[in-house]
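Structural features, examined
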Amino acid sequence: MPSLYSAAFHPGSMMVQLEEKVSLLENWSDGKGLIVHGAEGTFCSGSDLNAVRAISNPQDGMKMCMFMQNTLTRLLRLPLISVALVEGKALGGGAELTTACDFRIMASDGVIQFVHRHMGLVPGWGGAARLVRIVGSQNALKLLGGAVKVDLEFGLQIGLVDGALEAPQAQDSADTLLEQAECWLSRYTKGPTPVIQAVKRVVLSGRELPLSDALRTEKDVFGTLWGGPANLQALASKSKHN
């Protein structure tokens, strides 16, 4: 398996597929990067309404909520750097999925929309909590309360989107966009795997833990790298920082 992994999902079976992929990636010791994208020109258009109606009782809804909260939390905590490639629509649960990645990059036709209000709901998969951390409480209120459509320009403006993808010229646009995403992500995944995974770990601890615990984690991770192969090789090969 290469150091960058691409995971595509079909809306009908996205929940089960996603949990299976996360379980696989949790055991990927050589991994550095992950690209999450949809199939057939759509990131994820949300839940199938017939399937939602079939589990509309509170008990089944809570089971689904807990399952997806756990899956997306595990996705965010993977020891690699992830990016959501948003082509087409990312609606409802699809919008929540984008927030479980470290970065979001968008094609010109991309739209992220938290449509939960239209369904008489709020996000339940952790999307609201993650959204506040990404764009702040004021913007999160606007996106959730107004069910605002976030296009590329607006997404870049509020910080929900981290990068833009060029409109592909060739007919086989999916491969072209994926290649662009790989190039975009590679700037953050260059270098030895232990170093990239360590970067993700210290950032994750800084985001989730109290300061004293985050500092302790940072010290411990630093200790695993100091004097290690990557550190010694870098010292031997470079006379100054580039």
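Residues numbered from 1 in each chain as written. Predicted model: local features only at pLDDT ≥ 70, side-chain atom pairs only at ≥ 80, totals over all residues. Heavy atoms only, no water.

The name an unreviewed UniProt entry assigns to the chain is Ethylmalonyl-CoA decarboxylase, from the organism Betta splendens. Here the chain is described in UniProt, under the heading Function (unreviewed entry), as follows: "Decarboxylates ethylmalonyl-CoA, a potentially toxic metabolite, to form butyryl-CoA, suggesting it might be involved in metabolite proofreading. Acts preferentially on (S)-ethylmalonyl-CoA but also has some activity on the (R)-isomer. Also has methylmalonyl-CoA decarboxylase activity at lower level." Recorded in UniProt under Sequence similarities (unreviewed entry), the annotation for the chain is "Belongs to the enoyl-CoA hydratase/isomerase family." (UniProt positions renumbered as here; feature names shortened; annotations may be inferred.)

Glancing now at the pattern of salt bridges. This structure, assessed with the given rule, holds seven salt bridges. The closest approach of N and O atoms between E208 and R77, which form a salt bridge, is 3.1 Å. A residue pair is termed long-range when its members are at least 10 positions apart, and E208 in helix α9 (residues 193-208) and R77 in the loop between α3 (58-76) and β3 (81-86) qualify at 131 residues. Since its relative accessible area comes to 32%, E208 is described here as partly exposed. For the salt bridge of K219 with D220, the shortest nitrogen-to-oxygen distance reads 2.9 Å. The class for K219 is exposed, based on a relative accessible area of 52%. Residue D220 is classed as partly exposed on the basis of its relative accessible area of 38%. Ionic contacts of the salt-bridge type, sharing partners, join the residues E19, E26 and R74 into one network. (Salt bridge = Lys/Arg side-chain N within 4 Å of Asp/Glu carboxyl O. Helix = DSSP H or I, 4+ residues; strand = E, 2+ residues; numbered from the N terminus. Buried < 20%, exposed > 50% of the residue type's maximum accessible area, 1.4 Å probe, protein only.)

What the three strands build is an open sheet, ordered β4-β6-β7; its pairing is mixed. At either end of the open sheet lies a strand with only one pairing partner, and these are β4 (89-91) and β7 (149-150). Pairing between β4 and strand β6 (residues 111-113): three bridges, direction parallel. Along β6, the bridge assignment pairs A90 with I112. (Pairing = 2+ DSSP bridges.)

Another point: the pairing of strand β2 (residues 33-38). Burial of β2 is extensive: six of the six residues sit out of reach of the surface. The alternating pattern of β2 places G33, I35 and H37 on one face and L34, V36 and G38 on the opposite face, and all of these are buried. The sheet contact formed by β2 and β3 spans five bridges and is parallel. Within the sheet, the bridge partner assigned to H37 lies in β3 and is L85.

Under the counting rule described, the total for this entry stands at four aromatic pairs. Measuring from centroid to centroid gives 5.1 Å for F103 and Y188, while their planes differ by 25°, and the two rings are stacked. Within this pair, whereas F103 is found in strand β5 (residues 103-106), its partner Y188 is found in helix α8 (residues 173-189), the two being separated by 85 residues in sequence. Its relative accessible area of 34% is what places Y188 among the partly exposed residues. Grouped by ring-pair contacts, the aromatic residues F103, W184 and Y188 constitute a single cluster. (Phe/Tyr/Trp six-rings, centres within 6.5 Å; stacked < 30°, edge-to-face > 60°.)

Moving on to the packing of helix α5 (residues 127-135) against helix α6 (residues 137-145). Contact pair α5 / α6: the axes reach a minimum separation of 7 Å and the direction vectors enclose 130°. Looking at the two axes, α5 sits oblique to α6. Crossing hand, α5 versus α6: right-handed. Each of A128, L131, V132 and V135 in α5 lies in contact with α6, whose residues at this interface are S137, N139, A140, L143 and L144. The residue inventory of the contact of α5 with α6, partitioned by class, reads seven nonpolar, two polar and no charged. (Axes fitted to C-alpha atoms, helices over the stretch in contact; angles between N-to-C directions. Parallel < 35°, antiparallel > 145°, perpendicular 65-115°, else oblique. Left-handed = near helix turned anticlockwise from the far one by under 90°. Contact = heavy atoms within 4.5 Å. Nonpolar A, V, L, I, M, F, W, Y, C, P; charged D, E, K, R; others polar.)

Further remarks concern the pairing of β5. Where β3 lies against β5, four bridges are found, and the strand directions are parallel. Paired with A84 across the bridge in β5 is R104. Pairing between β5 and strand β8 (residues 163-164): two bridges, direction parallel. For M106, the partnering residue across the bridge sits in β8 and is A164.

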